[in-house]
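# An overview of the molecular structure
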Amino acid sequence: MLLKFVWQVMNYRNLRGAFVMVNTAAELEVLEEKMSESPWHNKNVEAVKELLEQALSNHPTAVVFRDLFFHFKGRRYAPDLAIVLQGAPPIERIGLVYRIPEDGPAPDAIIEVAVSSKSLGEALGEKVYFYADIGIKDYLVIQAFPEKPVRLWFCRPNLGELPNPVGEAVLETLGVKIVAQGQKIRMFNSEGNEIVPLREVLEREWQQREQERRQWKEVEQQLIEALEQERRKREELERRVAELEQKLKANKS
């Protein structure tokens, strides 16, 4: 619901010694607040957002919005994630509401993460019709209930489709495929290569370097032990040679 308050401001100005009262109307728009999200919801949304940003890193004009209100013909919703590939205004020009088409084009794809039956019902119900009205091409709902396997619901609202459960979802507008595996979401590009967050890539590289360091440490230790064995053998050989020399000298005597 759109709420507006009008304040009457009383200004007094001294003009040529006279006081003039001016009435100024100030209009303030108040937005409805989104429900506070749980740490579990935030964790899942951030995980998907990180994958999306990595997948779209080669698209300089693509923007991934989170929890931004999209307004169209008197209605508004704030999806968990909305992706605009081209034409999004600079983020510094966006306020609390993104008005379609005044501020920019509608998102190409929207992703909702549902962690409860209530949020799942909203994502599969009333939101679908709004997203259809604004022309969303790819709509994915990730059902991520705690301690349960992830499920996916997908549709193309602009074609009049309603969400259906799927094993994997291909978001053609973004060129990615999303697969649910246990309680984890995996994402692949159009070439079938898995998209891995930069943080995880760096962690894997660190683990690989650490493994190589341990291997070199083991090789170094083996070389030290081999050299120590050679030293002992040499000392033993020198001791025996010295004993033989002493025996030879004793026999000559």
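First, a word on scope: everything that follows refers to the structure included in this document. Values in this document were obtained by computation on a predicted structure and should not be read as measured data.

## Some points on the nonpolar core
Core analysis: the largest hydrophobic core is formed by 29 residues, its most contacted members being Leu-52, Ile-111, Leu-140, Ile-142 and Leu-171. Elements represented by at least two residues in this core include exactly helix H1 (39–55), strand S6 (81–84), strand S8 (109–114), strand S9 (138–143), strand S10 (151–155), strand S12 (168–171), strand S13 (176–181) and strand S14 (184–189). Per element, the largest residue contribution to this core is five residues, and it comes from H1. Setting aside residues no more than four positions away along its own chain, Leu-140 makes contact with Ile-110, Ile-111, Glu-112, Leu-152, Trp-153, Phe-154, Ala-169, Leu-171 and Ile-178. Counting residues in each nonpolar core, the second largest holds 25 residues, with Ala-123, Phe-130, Phe-145 and Cys-155 among its members.

## Quick look at the pattern of salt bridges
Applying the stated criterion across every chain yields a total of 16 salt bridges. Its salt-bridge partner being Arg-75, residue Asp-133 comes within 2.3 Å of it at the nearest N-O pair. Of this pair, Asp-133 sits in helix H3 (residues 126–133) while Arg-75 sits in strand S5 (residues 75–77), and the two are 58 residues apart along the sequence. In this structure Asp-133 comes out as partly exposed when scored by relative accessible area, which is 44%. Note on Arg-75: relative accessible area 33%, which makes it partly exposed. Within this structure, Glu-228, Arg-231, Arg-232 and Glu-235 form a network of salt bridges that share partners.

## Considerations on the sheet that holds strand S4 (residues 69–72)
One open sheet holds the three strands; their spatial order is S5-S4-S7, and the pairing between them is mixed. Edge strands, defined here as strands with exactly one partner in the open sheet, are S5 and strand S7 (97–99). Sheet twist, expressed as the mean angle between neighbouring strand axes with direction ignored, is 25°. Relative to S7, S4 is paired through three bridges, and the arrangement is parallel. Bridge pairing in S7 links Phe-69 to Val-97. Most of the contacts of H3 go to S5, to which it runs at about 110°, and overall it touches S4 and S5.

## Quick notes on H3
All of the buried residues in H3 are Lys-127, Val-128, Phe-130 and Tyr-131. For H3, the angular spread of buried residues about the axis comes to 165°, placing them on one side. Check the buried side of H3 and you find it contacts S4, S5, S8, helix H2 (117–124) and S9. Looking one or two residues past H3, Gly-135 carries a phi angle of roughly 85°, positive in sign.

## Quick notes on H1
Along its 17 residues, H1 runs 24 Å from first to last C-alpha, staying within 8% of the 24 Å computed at 1.5 Å per residue. Along H1, the residues classified as buried are His-41, Asn-44, Val-45, Val-48, Lys-49, Leu-51, Leu-52 and Ala-55. The arc that holds every buried residue of H1, seen down its axis, measures 160°, which confines them to one face. The outward face of H1, more than 90 degrees from its buried face, is lined by the exposed residues Pro-39 and Lys-43. If you follow the buried residues of H1, they end up packed against strand S3 (63–66), S6, S8, S9, S13 and S14.

## Points about the side chain of His-71
Within the fold, His-71 resides in strand S4. With sequence-adjacent residues up to four places away left out, His-71 is seen in contact with Arg-76, Val-97, Tyr-98, Arg-99 and Ile-100.

## Regarding a nonpolar patch on the surface
A cluster of nonpolar side chains, namely Trp-216, Val-219 and Leu-223, defines an oily patch on the protein surface of about 350 Å² accessible area. Trp-216 gets classed as exposed once you look at its relative accessible area, which sits at 63%.

Rules behind the numbers
- Residues numbered from 1 in each chain as written.
- Predicted model: local features only at pLDDT ≥ 70, side-chain atom pairs only at ≥ 80, totals over all residues.
- Heavy atoms only, no water.
- Core = buried A, V, L, I, M, F, W, Y, C linked by side-chain atoms within 4.5 Å.
- Buried < 20%, exposed > 50% of the residue type's maximum accessible area, 1.4 Å probe, protein only.
- Helix = DSSP H or I, 4+ residues; strand = E, 2+ residues; numbered from the N terminus.
- Contact = heavy atoms within 4.5 Å.
- Salt bridge = Lys/Arg side-chain N within 4 Å of Asp/Glu carboxyl O.
- Pairing = 2+ DSSP bridges.
- Axes fitted to C-alpha atoms, helices over the stretch in contact; angles between N-to-C directions.
- Arc of directions from axis to C-beta.
- Expected span 1.5 Å × (residues − 1).
- Patch = residues over 30% accessible without salt bridge, like charges linked within 9 Å, V, L, I, M, F, W, Y side chains within 5 Å.
- Areas by Shrake-Rupley, 256 points an atom, 1.4 Å probe, with all protein chains shown as cover.

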